Amino acid sequence: MPNNPIIDTGEKRLRESVCIDTKRIFDSCVSKDCLENMRVAFSSANQSLIDGAVTIKSRDCQLVECCIDVEEVPFNRGFYSVDITFYFKLLFDTYSNPVSAPQTAVGYCFFNKKCILFGGDGDVRVFTSRQSNELTDCPVASQYINPVAKVQAVDPVVLAADVIPVCDCRVPRMTSFPQSILAANNDGGFSCDCDKAVIVTLGLFSIIQMERDSQLLINACDYCVPERECNCTTSSPCDAFQSIDFPVDEFFPIDRDALIQTN
């Protein structure tokens, strides 16, 4: 153990300086995007609900997939281009006439975003001793330390949703979706034969970070030994349920003034 002095910080005592291997954030940016006039793709069954609807209402929108590609920027050492494609799942209540009960239509749309961030340099090769590689019969094959793009985003807000004729000039061309979304679609694909199209405008908040493996020297207080004992009881389901606190906030939402004060 290094012969470092113990420093008293008032709350915890720093025992030593230790070297850790972790992800260091070299660059990051905050994004607030208004995604206008995005066409929603529907399966055949869901498209028939849209074609027969006189009006629709958006119910929900979820971010279900995010594809990220990182490439080095030529002639600008240390900078990388981050290409991001967000895929959204939307739910709509469709009404075939003003007094009918709504039916739910499920559709998907996507948004492409590109930014340039600093990721530093690193051309060394990395070898690990975990599992073997079938081709070399050695530990995991070497790889370059390349920066990794990390995207954080919340489910978008639906700002507008319109039903328009397909011949409208605002209708963009349909493109392919990843297999993960196609597999979730019961019809196995999206309909190209339709009378109406749904155009939405979404508000999206996201944070994009460029990370790289780094060795950092930090001050350590002590080992992080858990203080809470694991609850491994085998009591009855009703006893376990009784130990759960009543969700008061679910029944009595916090008022606006209290929410402002807490923020």
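The rules behind each value
Residues numbered from 1 in each chain as written. Predicted model: local features only at pLDDT ≥ 70, side-chain atom pairs only at ≥ 80, totals over all residues. Heavy atoms only, no water. Buried < 20%, exposed > 50% of the residue type's maximum accessible area, 1.4 Å probe, protein only. Helix = DSSP H or I, 4+ residues; strand = E, 2+ residues; numbered from the N terminus. Arc of directions from axis to C-beta. Phe/Tyr/Trp six-rings, centres within 6.5 Å; stacked < 30°, edge-to-face > 60°. Lys NZ or Arg CZ within 6 Å of the ring centre and 35° of its normal. Salt bridge = Lys/Arg side-chain N within 4 Å of Asp/Glu carboxyl O.

Chemist: Residue-level account of helix α1 (residues 44-51), with values.
Modeler: Every buried residue of α1 is listed here: N46, Q47 and I50. Seen end-on, α1 carries its buried residues on one side only, within an arc spanning 100 degrees.

Chemist: Would you mind going over the packing of aromatic side chains in detail, with residue names and values included?
Modeler: For the coordinates displayed, the defined rule picks out 6 aromatic pairs. Ring geometry for F26 against F118: centres 6.3 Å apart, planes inclined by 55 degrees, an arrangement best described as tilted. With F26 in strand β3 (residues 16-39) and F118 in strand β7 (residues 103-118), this pair connects stretches of sequence that are 92 residues apart. With centroids separated by 6.1 Å and ring planes inclined at 40 degrees, the aromatic side chains of Y87 and F110 adopt a geometry described as tilted. Taken as a pair, Y87 in strand β6 (residues 79-95) and F110 in strand β7 lie far apart in primary sequence, 23 residues in all. Members of the aromatic cluster, joined through ring pairs, are F26, F79 and F118. The ring of F26 carries R24 above its face, with NZ or CZ at 4.6 Å from the centroid.

Chemist: Can you lay out the pattern of salt bridges for me, pointing to particular residues and giving the numbers?
Modeler: Pairing is possible between side chains of opposite charge, provided their charged atoms come close. Taken as a whole, this structure holds 3 salt bridges when the rule is applied. Salt-bridge contacts for K23 lead to D213; the nearest nitrogen and oxygen are separated by 3.0 Å. Of this pair, K23 sits in strand β3 while D213 sits in strand β12 (residues 196-220), placing them 190 residues apart in sequence. Among the residues examined, K23 registers a relative accessible area of 40% and is labelled partly exposed.

Remember that the coordinates give geometry; whether it matters functionally is a separate question.
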